[in-house]
Number of protein chains: 4
Amino acid sequence: MKNTATLLITCPDQKGLVAAIADFLYRHDANILHADQHQDAENNLFLMRVEWDLEGSTLSLDGFAEEFAPIASRFDMNWQLKSTQKRPRVAIMVSQYDHCLADLLHRHQSGELNCEIPLIISNHRHTEKLAEFYGIPFHYIEVNKDNKPEAEAQQFALFDRHEIDLIVLARYMQILSPDFVKRYPQRIINIHHSFLPAFIGARPYHRAFERGVKLIGATSHYVTEVLDEGPIIEQDITRISHREQVDDLIQKGRDLERVVLSRAVRWHIENRILVYANKTVVFD
Amino acid sequence: MKNTATLLITCPDQKGLVAAIADFLYRHDANILHADQHQDAENNLFLMRVEWDLEGSTLSLDGFAEEFAPIASRFDMNWQLKSTQKRPRVAIMVSQYDHCLADLLHRHQSGELNCEIPLIISNHRHTEKLAEFYGIPFHYIEVNKDNKPEAEAQQFALFDRHEIDLIVLARYMQILSPDFVKRYPQRIINIHHSFLPAFIGARPYHRAFERGVKLIGATSHYVTEVLDEGPIIEQDITRISHREQVDDLIQKGRDLERVVLSRAVRWHIENRILVYANKTVVFD
Amino acid sequence: MKNTATLLITCPDQKGLVAAIADFLYRHDANILHADQHQDAENNLFLMRVEWDLEGSTLSLDGFAEEFAPIASRFDMNWQLKSTQKRPRVAIMVSQYDHCLADLLHRHQSGELNCEIPLIISNHRHTEKLAEFYGIPFHYIEVNKDNKPEAEAQQFALFDRHEIDLIVLARYMQILSPDFVKRYPQRIINIHHSFLPAFIGARPYHRAFERGVKLIGATSHYVTEVLDEGPIIEQDITRISHREQVDDLIQKGRDLERVVLSRAVRWHIENRILVYANKTVVFD
Amino acid sequence: MKNTATLLITCPDQKGLVAAIADFLYRHDANILHADQHQDAENNLFLMRVEWDLEGSTLSLDGFAEEFAPIASRFDMNWQLKSTQKRPRVAIMVSQYDHCLADLLHRHQSGELNCEIPLIISNHRHTEKLAEFYGIPFHYIEVNKDNKPEAEAQQFALFDRHEIDLIVLARYMQILSPDFVKRYPQRIINIHHSFLPAFIGARPYHRAFERGVKLIGATSHYVTEVLDEGPIIEQDITRISHREQVDDLIQKGRDLERVVLSRAVRWHIENRILVYANKTVVFD
């Protein structure tokens, strides 16, 4: 079992940044396991991810903020510290299509996703048994035209009670209110069944079929207030032919959706993603 | 050297179609080399491509229409007959970026494209030497705000004189007039540097970069009156990362454009493409 | 629910074949839904798949053999007739890794695989609960150095009793005896975790890592007497980087294995595969 | 025009490495443009690539070795320093197939490959005109059973006279002698037309066809004494179907070979590649 800390930094680019960070870690006997950085020249931005072994280091998680404060302040840094000691807590929301949910639960069970999943919320009862099989508490919350605010209030209460860090929309077919989205910035991941920005909105496979494209895709992204316009985390495509009808596209697309959503969730959990300018940097 | 005929058929779907065609060919001692068909249930449409050896068959190219007329009439067929004896005549139009042109000319020289290329037309002198190296006559026709009708008239005259069957826009950066497009239905192939319908119009790589997509693409399509909305022939994509700037996208995209355009040209030349409902069927 | 018949034919290539088959179907009022054919010039072989609607046709499944006999005999055909009325019966064998099993069961439940799965056989108890969740009888049969013949005898008895048509090795880590393989020609599908013929045999991910390849793959194939040498049905690959260790390869590979195995199983079930010369033709 | 220096480092992994290097560069006012590192835990190895702007830095290329010596010595580093001021000098060797050569020359001309190409060597006259068109001196050196040592002596003389840094085998169909290979360690790049380690040796497309694989590939690698066993730099694949004969594989493969070889050459020229344990680390 890994026992590491990961530091994510965004700040204006300037000389001496890497030297300062590396020197800080060295002075605290931290053995760097991975370090990756990115400069965006256009925006004069520096982004970094550095992961070190907590064993053998004199840096404690609790004391980090105080010790790092002088450097953070000197370089005007935004930073987050995460540790494998505290597994992120993930809520999954789903409607009727259960392929992404089944996939995420199997990956979680097999150890691929290093997180807690304290709850599943659905506006259908369809996936209740699947949740039960994997031992995850299932919450049915009806959503209709008239009760959206109440339904979301129930959802917020559950998220609060379970101290949820990340919300995964695993083919959850309800549009979230602006209030919902605002509460969880860069903490809601959605899967959209097209290669965005193509086919924004409803029924993308039907529209792909009508347009006669030769590739279909899927896109995982953070949810923002504008539908399907949030920062893209991952995309992939598969080839189709004229022999395939809409139903075949939907079936083929499921394999894309599973993989593209699960990658995004894993990268988020592993603290590999930084967002700026409505884009993501994914450190690999 | 192949000596074959290819028949492309579109008609309403009904029983007995394949039997009638196969029987017709059998009665004329035609050895079928490839046959492929497609039914579109929604549109009740039957599409077929059949290729046979002209050696040993009693079917002559000249006499085909008369002999096939009863079947064509009975099933209400649209049909085209092509033969490897008559290589299609292709004009290439290009502006400054020469990577697609260089690629097509090299493929042509190496025997990959079974066509004549009687001329290259450009609104720049940049590719003149390349054309000369491959022995293709080069025509410089200036295009500016004021002379478009005259420029197109010159182009039409060249196409007529050289009996052009197909016009390939190999990164030709001028918008064709509606009159131009109407003259050559399903006979103009363009390469667009995005996975359509994403990033229709100008500067797709710049917009892909701004949107933060994880894949860039290219699309070859027949040109219709509405910009970038014609039937898609082929698409492909390549993965990009946050490290890549717009210039890197442009460079990577060139490899896509070359391959995606050349496939479309080859399939057209080999009579593999049928168009209906603003889509293509590509028989492989 | 589809009600169709599919005819698979292999025979020496000769003129009149398509005409004879199409005419036969036409005379029996069969509405052809899909037809695809392939000629192998080198081996002078003709292969065909044709699927028609049983509704409205005067061809009955029982009477087909007698009525088709003259044509089959005239052209020296090997043929098989399958119908959606009789769903193939599939046994799944699995060891400890359950990702392929979980995937197949979920696809089956969601209607993607049109077959019966009367039983799962494993040499471990690990997947028993998963089988139970999906309502499939689970049979634990221990296999060790000393009891292989007895274990296989038990397996054969189960296959016989349940009239199994296809055996899927979903990461079943025991080598089958020659006798086992001989009993089920072209009826055992295996998933191998490399792009064959690279890394035949044990521990392919470890060897891929050591060799420093930039792509890893998976291959589904029919099992023959020579290990990993049977006809390949499907292959796919994914890109890896130097950052990925063996464990990452294993994890990434699971996504390949799932997809590549499930495609092979689906194509077999849908009667899309013909085998000749230790290769497959997969009609799409 | 970039004016940067790139430092490539390999050494035993230990704490303080990054701090020492970053501090060194900071003290010399070097603005880091890119930095990437990799740790191989199994081999306890640290690998790094760091690129900085020479403008504004007090580090001169000439003085670097002396100034960096204390750090290099303290951490037992292997290091190389490269600069965009000195473009690497590349010799291309080719036989009859000219598609890789045409591709490399076009990329070079369009500015994609930041190197000098002082000469092309071939054992055929076929590509002489192509070389001439791109203005590269062409040297015909016959190779036969009896004259290999003499032929290679001529080649060495040319490499020496032109101070060649990298030799690219762009489908050069002669096996190099052990002496040749030993002279240019990690300085000869070859393109092999299969996804190695599958189909090592001659006629890989023919063997791929016979084996019935569903994917064909290409591999670029550094040449070592054992044929097709050198460190892999890049690989890619494309899908094939049963309809494609050997000639189709060869044609499709050309597109792979072009792209896979050109990537390897570009990465080498950009000093992105480090080799250890017969593998490559490619910094992106």
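Residues numbered from 1 in each chain as written. Chains lettered and ligands numbered in written order. Predicted model: local features only at pLDDT ≥ 70, side-chain atom pairs only at ≥ 80, totals over all residues. Heavy atoms only, no water.

Asks: For this particular structure, what's the right way to read unusual backbone geometry?
Replies: Peptide bonds are trans in most cases, and residues, glycine excluded, mostly fall at negative phi. Here the amide bond leading from Leu196 of chain A into Pro197 of chain A is cis, since omega sits at 10°, within 30 degrees of zero. Here Pro197 of chain A shows up in the loop between β9 (188-192) and α7 (204-211). Of note in this structure, Glu163 of chain C is not a glycine but carries a positive phi near 50°. Mapped onto the secondary structure, Glu163 of chain C falls in the loop between α5 (148-161) and β8 (166-169). Glu163 of chain C gets classed as exposed once you look at its relative accessible area, which sits at 57%. Look at Asp76 of chain D: it is not a glycine, yet its phi comes out positive at around 60°. Along the chain, the position of Asp76 of chain D falls in the loop between α2 (64-74) and β4 (78-83). Taking relative accessible area as the criterion, Asp76 of chain D reaches 55% and is therefore assigned exposed. (Helix = DSSP H or I, 4+ residues; strand = E, 2+ residues; numbered from the N terminus. Buried < 20%, exposed > 50% of the residue type's maximum accessible area, 1.4 Å probe, protein only.)

Asks: I tried to follow helix α7 (residues 204-211) of chain D on my own but got confused; where do I start?
Replies: For α7 of chain D, the full list of buried residues reads Pro204, Tyr205, Ala208, Phe209 and Arg211 of chain D. Down the axis of α7 of chain D, the smallest arc covering the buried residues is 170°, so these residues share one side. Structurally, α7 of chain D contributes buried residues whose contacts are with β11 (232-239) and β13 (279-282) of chain C together with β9 (188-192), β10 (215-222) and α8 (246-269) of chain D. Among the residues trailing α7 of chain D, Gly212 of chain D stands out with phi positive, at a value near 75°. (Arc of directions from axis to C-beta. Contact = heavy atoms within 4.5 Å.)

Asks: Teacher, can you tell me more about the sheet that holds β11 of chain C here?
Replies: Strand pairing within a sheet occurs via backbone hydrogen bonds; the two strands may be parallel or antiparallel. All names here are of chain C. The strand order β7-β6-β5-β8-β9-β10-β11 describes an open sheet built from seven strands, whose pairing is mixed. At either end of the open sheet lies a strand with only one pairing partner, and these are β7 (138-140) and β11. Averaged over all pairs of adjacent strands, the angle between their axes in this sheet comes to 15°, without regard to strand direction. Here seven bridges tie strand β10 (residues 215-222) to β11, and the two strands are oriented antiparallel to one another. The residue bridging Ala218 from the neighbouring strand is Asp236, located in β11. (Pairing = 2+ DSSP bridges. Axes fitted to C-alpha atoms, helices over the stretch in contact; angles between N-to-C directions.)

Asks: Would you mind going over the side chain of Glu112 of chain A with me for this structure?
Replies: The residue Glu112 of chain A is located in the loop between α3 (99-109) and β6 (116-122) in this model. A polar contact is formed between the side chain of Glu112 of chain A and the side chain of Arg254 of chain C, at a distance of 2.9 Å. (Polar contact = N/O pair within 3.5 Å; in protein donor to acceptor, adjacent residues only side chain to side chain.)

Asks: Is there a simple way to think about the domain arrangement of chain A in this case?
Replies: In many reports, interface size means the accessible area that the parts give up when they come together. All names here are of chain A. Domain assignment breaks chain A into domain 1 (4-83) and domain 2 (89-282). Measuring from the centre of the C-alpha atoms in domain 1 to the corresponding centre in domain 2 gives 31 Å. Taken over both partners, the interface formed by domain 1 and domain 2 buries close to 830 Å², and the fraction arising from carbon and sulfur atoms is 60%. For domain 1, the biggest contributors to the area lost against domain 2 are Leu8, Leu47 and Arg49; these three give 47% of the whole. Between the two partners, domain 1 and domain 2, sit zero salt bridges. (Domains from an automatic or database assignment. Buried area = accessible area lost by both parts, 1.4 Å probe. Salt bridge = Lys/Arg side-chain N within 4 Å of Asp/Glu carboxyl O.)

Asks: Explanation requested: the interface of chain B and chain D in the structure shown.
Replies: In this complex, chain B contributes 20 residues to the contact, which on the side of chain D involves 20 residues. Roughly 1800 Å² of surface becomes buried between chain B and chain D when both sides are summed, with 44% attributable to carbon and sulfur atoms. It is His106, Phe133 and Arg243 of chain B that lose the most area in chain B upon contact with chain D, and together they represent 29% of the buried surface on that side. Linking chain B to chain D there are six salt bridges. For Asp255 of chain D, the salt bridge is made with Arg107 of chain B, and the minimal N-O distance between the two is 2.6 Å.

Asks: Looking at this structure, I do not really get the interface of chain A and chain B. What am I missing?
Replies: Taken residue by residue, the interface counts 35 residues in chain A and 35 residues in chain B. In this assembly, chain A packs against chain B so that about 3100 Å² is buried in total across both faces, 48% of it on carbon and sulfur atoms. A per-residue breakdown of the area chain A buries against chain B is headed by Arg211, Lys214 and His242 of chain A, which together make up 23% of the total. Here chain A and chain B share eight salt bridges between them. A salt bridge links Glu234 of chain A to Arg239 of chain B; its shortest N-O distance comes to 3.0 Å. Summed over the shared surface of chain A and chain B, the number is 22 residue pairs in polar contact (both at pLDDT 80 or more). Elements with a minimum of two residues in the side of chain A that touches chain B: β2 (31-40), α7, β11 (232-239) and β13 (279-282) of chain A. Sorting elements by how many residues they give to the side of chain A that touches chain B places β11 of chain A first, with seven residues.

Asks: Would you mind going over the sheet that holds strand β5 (residues 89-94) of chain D with me for this structure?
Replies: All names here are of chain D. Read across the sheet, seven strands follow the order β7-β6-β5-β8-β9-β10-β11 without closing on themselves; strand pairing throughout is mixed. Edge positions in the open sheet fall to β7 (138-140) and β11 (232-239), since each of these has one partner strand only. With direction set aside, neighbouring strand axes in the sheet form an average angle of 15°. Its contacts with the sheet place helix α5 (residues 148-161) against β5, β6 (116-122), β7 and β8 (166-169), and it is angled at close to 170° to β6.

Asks: Please explain the packing of helix α1 (residues 17-27) of chain C against helix α2 (residues 64-74) of chain C as it appears in this structure.
Replies: In a pair of packed helices, the angle between the axes and the distance between the axes together describe the arrangement. All names here are of chain C. Where α1 contacts α2, the axes come no closer than 11 Å and their chain directions differ by 160°. With respect to α2, the axis of α1 lies roughly antiparallel. In this structure, α1 meets α2 at a crossing whose hand is right-handed. Across the interface between the two elements, Ala20, Phe24 and Arg27 from α1 touch Phe64, Glu67, Phe68, Ile71 and Arg74 from α2. Its residues assigned to classes, the contact of α1 with α2 shows five nonpolar, no polar and three charged. (Parallel < 35°, antiparallel > 145°, perpendicular 65-115°, else oblique. Left-handed = near helix turned anticlockwise from the far one by under 90°. Nonpolar A, V, L, I, M, F, W, Y, C, P; charged D, E, K, R; others polar.)

Asks: Would you mind going over the relation of the copies chain B and chain D with me for this structure?
Replies: Between the two copies of the chain lies a relationship made up of a rotation around an axis and a movement along it. Once turned by 180° and shifted 0.0 Å along the axis, chain B lies on chain D with an RMSD of 0.0 Å. Expressed as a symmetry operation, the mapping of one chain copy onto the other fits a two-fold axis. In terms of proximity to the rotation axis, the leading residue of chain B is Phe133 of chain B, whose C-alpha is 3.6 Å off the axis. A symmetric contact is evident, with 100% of the interface residues of chain B recurring at the interface of chain D. (Least-squares fit on C-alpha atoms with pLDDT ≥ 70 in both.)

Asks: Is there a simple way to think about the relation of the copies chain A and chain B in this case?
Replies: Each copy superposes on the other: chain A lies on chain B with an RMSD of 0.0 Å after a rotation of 180° and an axial shift of 0.0 Å. Taken together, the interface assignments show that 100% of the residues at the interface of chain A recur at the interface of chain B, consistent with an identical surface on both copies.

Asks: So what exactly am I meant to see when it comes to the environment of Phe68 of chain C here?
Replies: All names here are of chain C. As for its placement among the helices and strands, Phe68 is situated in helix α2. For Phe68 and Trp79, which are 11 residues apart along the polypeptide, the C-alpha to C-alpha distance reads 10.0 Å. Setting aside chain neighbours within four positions, we find Phe68 in contact with Leu7, Ile9, Phe24, Met77 and Trp79.

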